[in-house]
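Close look at the chain arrangement
Read off the chains here:
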Amino acid sequence: MKIFFASECQQKKVCWLFGLKIFERTVIPNICEKNFLGGVYKIIQERDEALKFYLFGILIKKKSIPITKDCINGIVRRLDNIYYNMQVLSQVPVVHKYFTKYKNCNFDKDVILIAGGPTVRYFDYKKTGALKCGVNGIISLIDNLDYLFIEDTFIYDKNLNTEIDLYVGNNCQKFYGLLPQRRLEHLRRCGVTDIVKPIDVHRAGANVFLIEDVFRSKWAINLEVEAFGDFAGAALSALQFIVYTHPRRIFLVGNDCSDGGLAYRSERPMAADHTCKIKNYYSFKNFVRSVYPEIEIISINPVKLRGLFKDVYTESYLGDHPEVSGSSYQIIHEEEII
């Protein structure tokens with residue numbers, strides 16, 4: 001037996017001495033609880049406002065925490081989030097009413113989300129009859145999309161918005177996201193995008209959806225009354241829609257988060273660091289595991305998403321990438337996706 005042992009994860013730390021739990025710290029939003037000697041002595045900190053001390057479960061002392069500059073800044077940020085987000089949320093019940101017709105509409109079906117990563121070229125989309133949802137400029141490679149999501153006016157690809165507006169696909173239903181104010185201001189300063197224009201919505205006959213003005217806050221469940229969570233990309237918005245339609249399986253194609261640029265031609269400067277995006281896919285996995293455990297997510301040629309969902313590979317990809325080694329990988333044939 002170890003004399004001393006400790007384990008720690010994101011929300012909890014536990015320490016044992018001679019097999020006895022001597023300390024446990026649990027952190028949840030706005031509350032930090034520390035237990036000593038199996039709960040004999042306990043300290044609870046609530047919302048950066050007060051410390052409460054317990055002995056044998058009896059409150060023995062309460063101490064106010066002095067207001068600091070960080071505390072004030074935290075309160076201001078929360079108020080800012082409420083102020084800006086209410087401008088979005090107040091519109092949702094009207095703008096998102098149409099989503100009710102999509103709720104569970106793909107129950108027990110397969111849906112493929114096709115993003116712009118380079119591995120999309122190793123997937124023969126014509127061999128599968130499953131529903132296909134694409135994002136952004138993937139229209140230049142896939143001619144039979146059922147759904148299409150964008151959230152940008154593509155400044156560098158000057159004709160892309162018009163091409164997307166006029167895209168027919170498989171009677172493609174288009175969803176145009178309206179970036180929230182603070183996110184839009186940041187992206188405008190970076191000079192990479194702008195809000196989708198009303199003329200594009202009209203020309204495409206597109207459905208409009210609203211995005212939360214709090215970055216990486218929560219994933220939307222009931223789209224008819226909730227704004228889409230802002231997880232930095234049309235693919236992550238499309239996934240919120242796809243699980244809302246409740247398919248049996250979701251296949252990720254071209255969602256590889258690799259550094260090889262886009263599969264289709266684009267003038268947009270591409271950032272090589274996908275750390276934030278990968279973190280958002282991890283968050284999505286936890287969301288689905290909690291809310292939609294019956295939906296299976298399968299990543300085709302995953303590259304940097306390897307090990308996150310169920311990984312499968314196409315034979316064409318394995319032929320060009322002998323570095324994918326080991327006997328545990330599974331080959332998928334496109335015609336199996338129905």
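Whatever comes next refers back to the structure up there.
The shown structure was predicted, so the numbers you read here are calculated from the model rather than taken from an experiment.

Thoughts on the packing of helix H6 (residues 234-245) against helix H7 (residues 275-291)
- Packing of H6 against H7 brings their axes to within 11 Å, and their N-to-C directions diverge by 10°. Accordingly, the angle class assigned to the pair H6 and H7 is roughly parallel. Mapping the contact onto sequence places Ala235, Leu236, Leu239 and Val243 in H6 and Asn280, Tyr281, Phe284, Phe287 and Val288 in H7.
- Among the residues forming the contact of H6 with H7, the class breakdown is eight nonpolar, one polar and no charged.

Details of unusual backbone geometry
- Phi is positive for Cys257, close to 55°, though the residue is something other than glycine.
- Tracing the backbone shows Cys257 in the loop between strand S16 (249-253) and H7.

Overview of the sheet that holds strand S3 (residues 20-28)
- What the seven strands build is an open sheet, ordered S1-S2-S3-S4-S5-S6-S7; its pairing is antiparallel. Of all strands in the sheet, those with a lone pairing partner are strand S1 (4-8) and strand S7 (58-64), marking the two edges. Taken pair by pair, the neighbouring strands of this sheet meet at an average axis angle of 10°, ignoring direction.
- Pairing analysis gives six bridges linking strand S5 (residues 41-46) to strand S6 (residues 50-55), with the strands arranged antiparallel. Its bridge partner lying in S6, Gln45 is registered against Leu51.

What counts as what
- Residues numbered from 1 in each chain as written.
- Predicted model: local features only at pLDDT ≥ 70, side-chain atom pairs only at ≥ 80, totals over all residues.
- Heavy atoms only, no water.
- Axes fitted to C-alpha atoms, helices over the stretch in contact; angles between N-to-C directions.
- Helix = DSSP H or I, 4+ residues; strand = E, 2+ residues; numbered from the N terminus.
- Parallel < 35°, antiparallel > 145°, perpendicular 65-115°, else oblique.
- Contact = heavy atoms within 4.5 Å.
- Nonpolar A, V, L, I, M, F, W, Y, C, P; charged D, E, K, R; others polar.
- Pairing = 2+ DSSP bridges.

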